[in-house]
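# Structural characterization, general
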Amino acid sequence: GATIGILGGGQLGRMLSVAASRLGLRCHIYEPSDNPPAGQVADAVTTAPYEDAEALGRFARSVDVVTYEFENVPTAALDTIEEIVPIRPGREALRISQDRLTEKTFLRDLGLQVAPFADIADTGALAQALALIGTPSILKTRRFGYDGKGQARLQDAQDAATAYAQMQDQPALLEGFVDFSFEVSVIAARSSAGEVACFDPGENVHKDGILRTTTVPARLNAAQRTDAVLIAARILNALDYTGVLGVELFVTPAGLVVNEIAPRVHNSGHWTQNGCVVDQFEQHIRAIAGWPLGDGSRYCDVTMENLIGDDMDRVAALSAEKNTAVHLYGKVETKPGRKMGHVNRITG
Ligand code: ATP
Ligand code: MG
Ligand code: MG
C-alpha cells in the first residue's frame, strides 16, 4: 500500500496515522521536536528541522503523498517537498490560510460574509482602522496565531496602542467584533475526483480563546444548515481542494459569518470519531490517497469535550463513565492550556 507523509507530529498527526493504519496504509511523520505524540503510532519518524533540505528530501522520497497537520509549514520546506512528491491539500490552501489578511480577503471575494477587517502595518494604520471599524474589536496578528494566542480584545480606542505594542510590530489585522448568537463549524471534505461531503455542523464553545466543547446537532434551522454546507463547498471548490477542511462560522440574525478556515482536520471535528462510520481523519486520508469519500453521516448525538492541562486529573473518573469514549494523545508533559486529549459523550 501507499505511504502517507505527515508534516507535524502532534495529536492531529497521531489520529491521522491511526486512521491511515486502519486502511492498510503506512505513515511517516516529519517533526522537529522529540517524542511527538504521532511518533508513538506512526511507522516512521524523521526528527529534523523544517530548514533541513536534505532530511526533507529523504522524507519526501520515502512517501507517496505529503499532507500536514498545521498551517505554518515554512514555504521553502514545501518547495523542496513539492519537487519530489505531491502535497495535499495543495499549496494555495496553505498560502491563503497562513495569513489572516489573505484569508479574509479570499473569503470576502468569494462573496461570503466576514467581519469588517483592516490591515495594520503600523501605528498610523491602527488609528485609521479604529476610526473605520471602531470598538469593540479584536486585534489579531496576521500569522502564527492559534488557540486565541496573538489576539487582543479592544473595548475602546485607548486599549489599542498597548495591545499593538505587545505584538512587537508584527503585521496585524483589526477585526470588528461580531455579535454572534453562537459559533458553529463545518468539517468538509473533497476527494481528488471533486466530490464534496460535509459532516453535520457542530456547535462550538470556547473559553479563554481555546475550544472547550463541540456539540452535535448544532442549534441550526434547515436554512442555516444548508447555508453552512454551501459555504464550505464554495470554499473547497474555489481552492480545488483535496482533503478535509474546517470552516469556523459565527451564527448571527443576519446570516452566517465566516471566521476562519483551517486546511486540515480540525479539533471541532473530533466528535466524528464516535458519531460517524467514517470520521474526519479517515475522510482526510481517503481524499489524499485518491480513494472515494466515505459515509460521514451522523448516527448519534455527541458532545466532544477537550481535556486541557489539569483536566487530565479527571481521566480516571471519565474513563468509568457510560457512553463516553476517552481519547488521549500520549503527550509527555502536562502544561496549562495544552490539549492533552478529549472525550466524546454519546448523548442521544
Ligand atoms: P483557533 O485555535 O480556532 O485557530 P485562533 O487563535 O485562530 O483560534 P480565532 O478563531 O480567530 O482564533 O478566534 C478565537 C475565538 O475568538 C473565536 O472562536 C471567537 O470565539 C472569538 N472571535 C474571534 N474573532 C472574532 C470576531 N471578529 N468577533 C467576535 N468574536 C471573535
Ligand atoms: Mg485559527
Ligand atoms: Mg478559530
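Residues numbered from 1 in each chain as written. Chains lettered and ligands numbered in written order. Predicted model: local features only at pLDDT ≥ 70, side-chain atom pairs only at ≥ 80, totals over all residues.

Going by an unreviewed UniProt entry, the protein carries the name N5-carboxyaminoimidazole ribonucleotide synthase and comes from Roseobacter ponti.

### Remarks on the site of ligand 1
By nearness alone, 16 residues border ligand 1, and A115, G145, Y146, E175 and V178 come closest of all. The residue inventory of the shell around ligand 1, partitioned by class, reads 5 nonpolar, 5 polar and 6 charged. A domain-level breakdown of the shell around ligand 1 finds at least three residues from each of domain 2 (116-176) and domain 3 (182-346). (Near = placed C-beta within 6 Å. Nonpolar A, V, L, I, M, F, W, Y, C, P; charged D, E, K, R; others polar. Domains from an automatic or database assignment.)

### Some words on the sheet that holds strand β7 (residues 151-154)
Across the sheet, 4 strands lie side by side as β5-β8-β6-β7; this open sheet has antiparallel pairing. Two strands lie at the open edges of the sheet, namely β5 (117-120) and β7, each paired on one side alone. Shown here is a sheet whose adjacent strand axes are inclined to one another by a mean of 20°, direction ignored. Sheet analysis places β5 next to strand β8 (residues 172-176), joined by 4 bridges and oriented antiparallel. Bridge pairing in β8 links F117 to E175. Contacting β5, β6 (137-141) and β8, helix α6 (residues 123-133) crosses the sheet at an angle of about 170° to β5. Here helix α7 (residues 157-166) sits on the sheet in contact with β5, β6, β7 and β8, set at roughly 170° to β7. (Pairing = 2+ DSSP bridges. Helix = DSSP H or I, 4+ residues; strand = E, 2+ residues; numbered from the N terminus. Axes fitted to C-alpha atoms, helices over the stretch in contact; angles between N-to-C directions. Contact = placed C-beta atoms within 7 Å.)

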